[in-house]
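# Examining the three-dimensional arrangement
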Amino acid sequence: MVPSDDSSSVAANGSATANGNGPVASLPSDALILLPARQLVLFPGLVMPITIGRPKSIAAIQQAVREQRQIGIVLQREPGIDDPGPDDLYRIGTLANVVRYITAPDGTHHVIVQGVQRIRILDVLPGTPFPTARVAHIPEPDTRSSEIEARFRNLQNQALEAMELLPQAPQELIAAIQGATSPAALADLAAGYMDVPVAEKQQILETVDLTARIERVSQLLAERIEVMRLTQEIGRQTKVALDERQKEAVLREQMAAIQRQLGESDGKSEEVAELTEAIAKAHMPAEVEAQARKELNRYQRMPEAAAESGMIRTYLDWLIELPWGLPEEKPIDIAAARKILDEDHFGLEKIKNRIVEYLAVRKLAPNGKAPILCFVGPPGVGKTSLGQSIARAMDRPFVRVSLGGVHDEAEIRGHRRTYVGALPGNIIQAIRKAGTRNCVMMFDEIDKMGRGIQGDPSAAMLEVLDPEQNNSFRDNYLGVPFDLSRVVFIATANMLDTIPGPLRDRMEVISLSGYTESDKLEIARRYLVRRQLEANGLTAQQVEIDDDTLRAIIRGYTREAGVRNLEREIGQVFRHVAVSIADGSATHVVISADDLPNVLGAPRFENEVAMRTSIPGVATGLAWTPVGGDILFIEATRAPGKGGLILTGQLGEVMRESAQAAMTLVKNKAASLGIDPKLFETSDIHIHVPAGATPKDGPSAGVAMFTALASLLTNRTVRSDTAMTGEISLRGLVLPVGGIKEKVVAAAAAGITQVILPARNRRDFEDIPKDARDRLKFVWADRVDDAIDAALEMAETT
């Protein structure tokens with residue numbers, strides 16, 4: 001470190017001469033020659049070389065050398081000033097001896113000075129060719145105390161630690177620190193050689209108090225030690241990393257040379273060649289192929305041990321294995337498609353006709369934007385198997401994507417490749433599994449998608465199911481567009497209420513209702529029995545089960561819209577038989593209805609309609625549930641009271657309002673029904689809907705509640721073979737409701753022979769299965785009076 005008054009320094013060899021401008025007039029004896037320094041603070045006791053550049057500074061040094069005077073080294077406030085005045089200099093400086101003055105062969109002037117003592121400028125003398133001033137000498141405090149001694153030892157240890165962290169520390173400096181005995185001298189020595197701004201050094205120079213000076217130097221030295229430690233650690237880590245890479249590169253080069261000498265090929269080169277050939281054969285679009293080749297070039301240049309190498313290879317595998325090309329379209333045989341649908345499914349004529357229409361349009365317009373079908377219905381009615389039948393009819397691969405419980409958008413669009421273990425979404429994974437771009441893809445349980453902090457998957461499905469957008473579907477993992485326009489999308493759901501409106505709008509909804517008893521019997525005979533025989537290792541020659549037994553299972557052991565539980569019960573029966581066949585106790589078993597209690601236990605369901613409606617105040621209603629229709633009983637009773645209405649059975653707000661409307665309507669019609677008005681003032685009416693643990697709601701129980709109240713107050717029982725549904729108004733009108741098809745099927749399954757429906761629901765009559773229509777008598781009610789006339793038994797006469 002060689003500072004100067006011109007912000008530069010140099011060490012030079014030469015003789016001490018005083019060539020220059022010649023002598024000047026003698027200075028006063030108390031005047032001190034000042035040497036302004038731009039970026040230099042000289043501390044007492046330190047020896048430093050300085051390069052002299054300004055003419056006044058050169059004259060000052062030459063005068064000092066001639067007269068063997070001491071000089072004062074003072075810091076400039078602004079380094080950029082070439083001719084500083086009195087106000088441009090700090091007031092505190094250092095008295096110094098000129099050890100040597102040198103003029104180099106290139107004409108530059110150098111001086112070596114040694115700091116002696118701190119000085120304070122009193123006044124600058126005018127009329128001199130260079131700065132001179134009268135100064136006051138600041139004596140160094142010589143106080144020694146235990147605190148100063150402790151601070152001195154700490155500073156000495158810090159200075160030695162700093163020397164150890166320096167790569168090439170001068171031994172002379174280390175010896176000077178170790179041999180220091182004066183706290184003031186050590187503080188000035190450390191401050192002088194410390195790499196801190198000159199402003200900090202000037203502040204230390206102006207600090208006369210020894211304790212404060214040592215403390216400040218110690219703080220600055222501690223900061224520098226920490227910086228040097230971090231620098232040394234970073235340098236060590238960097239060197240280790242470079243050494244490892246260089247070692248790896250050398251070893252790889254040596255291994256490649258050995259392989260070449262042995263005639264063995266480079267595995268990486270073969271792999272890259274195979275990938276290049278695979279990309280060429282994948283028939284990718286131009287944009288996708290350009291991306292694949294770009295990643296392949298990165299992979300080729302990257303060491304195999306690199307963490308990103310495996311990620312790029314996985315990405316290339318996905319791009320290569322996806323079916324980018326469109327296979328040749330196979331013609332759709334409509335007659336064969338109809339036959340397949342009839343083979344796979346019994347009934348569902350309206351649904352199968354719509355599927356045949358769909359296939360006919362696909363045959364005539366293979367490039368057209370066909371609608372996306374959504375099968376909606378209770379569990380077990382054959383929604384998923386319908387999709388499989390469509391795939392068979394079109395002779396295309398079938399893949400199923402389960403959306404139940406999916407609440408992360410990345411499940412649809414995939415994860416970005418920046419994440420460890422990232423993969424494409426379920427859509428692209430299903431396409432890869434199918435191996436073709438024109439497969440049949442079923443989104444199962446689309447109504448059960450959730451929404452979480454990871455995004456809304458139903459929003460991501462909007463692009464997939466929109467024929468105008470899915471020709472450029474972009475998966476986050478692939479990062480390139482993929483054409484989904486030739487995929488035949490089919491969705492299934494149990495209910496429409498949980499499907500967002502925009503998503504529902506992109507699909508054509510086809511409703512599947514529950515099966516009637518005769519439908520279930522045919523399905524069991526045609527499909528379920530055969531399937532369970534195969535599942536349990538039995539043959540038709542070993543087991544015989546007749547229609548009466550199947551009908552008994554349907555009536556006594558299942559109560560569902562579909563046939564899943566029916567198949568389970570049949571499977572349980574066959575497993576019981578399999579034990580006898582397996583242990584050799586029987587070779588042929590005939591199962592009758594009388595054997596069922598021993599195998600399946602007592603019947604779980606029985607016809608309790610007649611028992612439940614044998615007293616006044618009980619009416620049979622019809623309800624819709626997500627798993628099909630059902631019957632429910634409305635019970636009403638009265639007790640002495642003050643005209644209150646009590647509602648129980650975990651009823652929802654709408655159902656409670658229906659009960660209040662029915663009560664008001666009964667009061668208004670009390671005269672026509674022959675009810676004493678005083679009963680309402682002296683009695684509390686209690687309406688209860690059994691199965692209190694099950695929440696119930698909706699307006700369709702209004703007719704049943706009105707009928708139950710009329711039955712109670714007129715003491716006329718409701719016909720045990722009659723069930724009803726419909727909303728009521730305060731004017732006595734019967735308003736239309738939904739779910740007629742499911743409710744009627746449930747009524748027929750429960751043994752009901754007459755149903756009362758709103759007259760305005762007559763439009764739903766054609767949707768009711770023919771078997772149910774043939775077994776039931778329909779009463780179409782415009783007003784509640786029509787329901788009363790059809791539902792209540794005639795009053796008993798005495």
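This part is about the overall build of the chain. Within the chain one finds 28 helices and 24 strands. For 798 residues, the compact-globule formula gives about 28 Å, and the C-alpha radius of gyration of the chain, at 50 Å, lies well above that figure. For the chain, the C-alpha atoms occupy an extent of roughly 155 × 90 × 60 Å along the three principal directions. The contacts in the chain between residues at least 6 apart in sequence include a share of 74% that link residues at least 24 apart. Summing over all exposed atoms, the chain offers an accessible surface of approximately 39,000 Å²; the carbon and sulfur share of this is 51%.

Glancing now at the packing of helix 11 (residues 349–364) against helix 12 (residues 383–394). At a minimum axis distance of 11 Å, the contact between helix 11 and helix 12 shows a crossing angle of 35°. In this structure, helix 11 crosses over helix 12, and the sense of that crossing is right-handed. Every residue of helix 12 that contacts helix 11 at I351, I355, L359 and R362 is listed here: L386, I390, A393 and M394. Of the residues that constitute the contact of helix 11 with helix 12, the class distribution is seven nonpolar, no polar and one charged.

Once that is clear, we can look at the pattern of salt bridges. According to the stated counting rule, one finds 39 salt bridges in the structure shown. A salt bridge links E140 to R118; the shortest N-O distance between them is 3.1 Å. Of this pair, E140 sits in the loop between strand 6 (132–138) and helix 2 (146–165) while R118 sits in strand 5 (residues 109–124), placing them 22 residues apart in sequence. Of the charged contacts, one joins E567 and R531 as a salt bridge, the two residues approaching to 3.0 Å between their closest N and O atoms. Here E567 is found in helix 19 (residues 564–582), whereas its partner R531 is found in helix 17 (residues 517–535), with 36 residues between them in sequence. Among the residues examined, R531 registers a relative accessible area of 44% and is labelled partly exposed. Look at the salt bridges and you will find they share partners, linking R118, E140, D188 and R213 into a network.

One pass over the structure, following the stated rule, counts one cavity of 30 Å³ or more. Roughly 30 Å³ of internal volume is contained in the largest cavity. If you trace the largest cavity, you find it lined by L40, V41, L42, I73, V74, L75, I92, G93, T94, Q202 and L205. Elements that contribute at least two residues to the lining of the largest cavity include exactly strand 3 (71–75), strand 4 (92–103) and helix 5 (198–205). Across the lining of the largest cavity, the residue classes break down as eight nonpolar, three polar and no charged.

Take the layout of surface pockets next. Taken as a whole, the largest pocket holds about 1,000 Å³ of empty space. As for the largest pocket, its lining consists of 43 residues, and the residues nearest its centre are S511, L512, S513, K741 and D767. Elements represented by at least two residues in the lining of the largest pocket include exactly helix 11, strand 13 (507–511), helix 17, strand 16 (618–625), helix 26 (740–749) and helix 27 (770–775). Considering each element in turn, the lining of the largest pocket owes the most residues, four residues, to helix 11. Broken down by class, the residue content of the lining of the largest pocket amounts to 17 nonpolar, 13 polar and 13 charged.

This paragraph deals with the environment of P84. Structurally, P84 can be placed in the loop between strand 3 and strand 4. A relative accessible area of 12% places P84 in the buried class. Apart from the residues within four sequence positions on either side, P84 is in contact with P36, R54, Q76 and L89.

Time to look at the confidence of the model for the chain. Residue-level pLDDT values for the chain average 83, and 92% of them are 70 or greater. This stretch, residues 1–22, has a pLDDT under 50; its non-local contacts, to residues over four places away or in other chains, come to 64 contacts.

With respect to topology, five strands assemble into an open sheet ordered 8-9-12-7-13, the strand pairing being parallel. Edge positions in the sheet fall to strand 8 (398–402) and strand 13, since each has one partner strand and no second. Here the average twist between neighbouring strands, direction ignored, is 25°. The pairing of strand 7 (residues 372–376) with strand 13 spans five bridges and is parallel. By the bridge assignment, I372 is partnered in strand 13 with M507. The strands that helix 12 touches are strand 7, strand 8, strand 9 (440–444) and strand 12 (488–493); relative to strand 9, the one it contacts most, it runs at about 175°.

Here T725 shows up in the loop between strand 20 (722–724) and strand 21 (727–728). Judged by its relative accessible area of 0%, T725 falls in the buried class. At 3.3 Å, the side chain of T725 forms a polar contact with the backbone oxygen of S700. Apart from residues lying up to four places away in sequence, T725 is in contact with L622, S700, V703, V737, I740, K743, I756, L757 and P758.

Next up on the list: the nonpolar core. In this structure, I50, I71, I73 and V217 are the most contacted members of the largest nonpolar core, which totals 57 residues. For I71, the residues in contact, after removing those within four places along its chain, are L32, I33, L35, I61, A64, T94, L95, A96, V98 and V113.

Okay, unusual backbone geometry next. Trans peptide bonds make up the majority, and among non-glycine residues the majority have a negative phi. Here E445, not a glycine, exhibits a phi torsion of approximately 55°, which is positive. Of note in the backbone geometry, N715 takes a positive phi value of approximately 60° without being a glycine. By secondary structure assignment, the location of N715 is in the loop between helix 25 (702–714) and strand 20. Since its relative accessible area comes to 60%, N715 is described here as exposed.

Along the chain, I81 turns up in the loop between strand 3 and strand 4. Along the sequence, I81 and R38 sit 43 residues apart, while their C-alpha atoms lie 8.5 Å from each other. Look past the residues within four positions of I81 in its chain and what remains in contact with it is R38, R54, Q76 and D88.

Quick look at the environment of V577 now. On the secondary structure map, V577 appears in helix 19. Between the C-alpha atom of V577 and that of V599, which follows or precedes it by 22 residues, the distance is 9.4 Å. Dropping the residues within four chain positions of it, V577 is found in contact with V543, V589 and I591.

By the burial criterion, the buried members of helix 14 (residues 426–434) are N426, I427, I428, A430, I431 and A434. Positioned one or two residues after helix 14, G435 has a phi angle of 80°, which is positive.

Right, let's get into the side chain of D475. On the secondary structure map, D475 appears in the loop between strand 10 (473–474) and strand 11 (481–482). Reaching out from D475, the side chain makes a polar contact with the backbone nitrogen of G425 at a distance of 3.0 Å. Not counting the four nearest positions on each side in its chain, D475 is found in contact with I412, R413, G414, P424, G425, I428 and V480.

Bringing the packing of aromatic side chains into the picture now. Considering all chains together, one arrives at six aromatic pairs under this definition. With 5.2 Å between their ring centres and 85° between their planes, F765 and F778 make a pair best called edge-to-face. A residue pair is termed long-range when its members are at least 10 positions apart, and F765 in the loop between strand 23 (754–758) and helix 27 and F778 in strand 24 (residues 777–781) qualify at 13 residues. F778 gets classed as buried once you look at its relative accessible area, which sits at 16%.

To continue, consider the packing of helix 2 against helix 4 (residues 183–193). Direction vectors running N to C along helix 2 and helix 4 enclose 35°, while the axes themselves pass 10 Å from each other. The handedness of the crossing between helix 2 and helix 4 comes out as left-handed. On helix 4, the residues that touch I148, F152, L155 and Q156 of helix 2 are P183, L186 and A187.

Another aspect to go through is the state of the cysteines. Within the structure shown, the criterion is met by zero disulfides. Looking at C374, it has no disulfide partner, and the nearest cysteine sulfur is the one in C439, 18 Å off.

About the criteria used
The numbers attached to residues start from 1 for each chain and follow its sequence in the written order. Reporting of local features is limited, given that this is a predicted model, to residues whose pLDDT is at least 70; pairs of side-chain atoms are given and counted only at 80 or more, and all residues count toward the totals for whole chains, interfaces and linings. Note that the side-chain values use all heavy atoms of the structure and ignore hydrogens as well as water. Here a helix means four or more residues in a row that DSSP labels H or I, a strand means two or more in a row labelled E, and each is numbered from the N terminus. Every radius of gyration here is taken over C-alpha atoms, with the globule rule written as 2.2 Å times N^0.38, N being the number of residues. Between two residues, a contact is recorded if the distance between any of their heavy atoms is within 4.5 Å. Methods summary: accessible areas were calculated by the Shrake-Rupley approach with a probe of 1.4 Å, and residue burial reflects only the protein chains presented. In this description, a line fitted to the C-alpha atoms serves as the axis of each element, helices being fitted only across the stretch in contact, and the angle between N-to-C directions of two axes falls anywhere from 0 to 180 degrees. Note on convention: the crossing is left-handed when the near helix lies turned anticlockwise from the far helix by less than a right angle, right-handed when the turn is clockwise. Under the scheme applied, nonpolar residues are Ala, Val, Leu, Ile, Met, Phe, Trp, Tyr, Cys and Pro; charged residues are Asp, Glu, Lys and Arg; polar residues are all the others, including Gly. For this analysis, a salt bridge means a side-chain nitrogen from Lys or Arg found within 4 Å of a carboxyl oxygen belonging to Asp or Glu. Classification of residues uses two cut-offs on accessible area relative to the type maximum, computed with a 1.4 Å probe and protein chains only: under 20% is buried, over 50% is exposed, and between them is partly exposed. In this analysis a 1.4 Å probe is tested at points of a 1 Å grid over the protein atoms alone, and where it fits but cannot get out there is a cavity; an open set with protein on both sides within 12 Å along at least five of seven lines is a pocket; lining residues have an atom within 4 Å of a point. Grid points are joined across faces, edges and corners, and a volume is the space filled by probe spheres set on the points. Confidence of the prediction at every residue is given by pLDDT, a number between 0 and 100. Note: two strands are recorded as paired if DSSP finds a minimum of 2 bridges between them. Nitrogen and oxygen atoms within 3.5 Å of one another constitute a polar contact, given that in protein one can donate a hydrogen and the other can accept it, and given that sequence-neighbouring residues count only through two side-chain atoms. In plain words, nonpolar cores are sets of buried Ala, Val, Leu, Ile, Met, Phe, Trp, Tyr and Cys residues tied together by side-chain atoms within 4.5 Å. Here the aromatic set is Phe, Tyr and Trp, taking the six-membered ring for Trp, and pairing holds for ring centres within 6.5 Å; pairs whose planes are under 30 degrees apart are stacked, those over 60 apart are edge-to-face, and all others are tilted. We call a pair of cysteine sulfur atoms a disulfide whenever their separation is within 2.5 Å.

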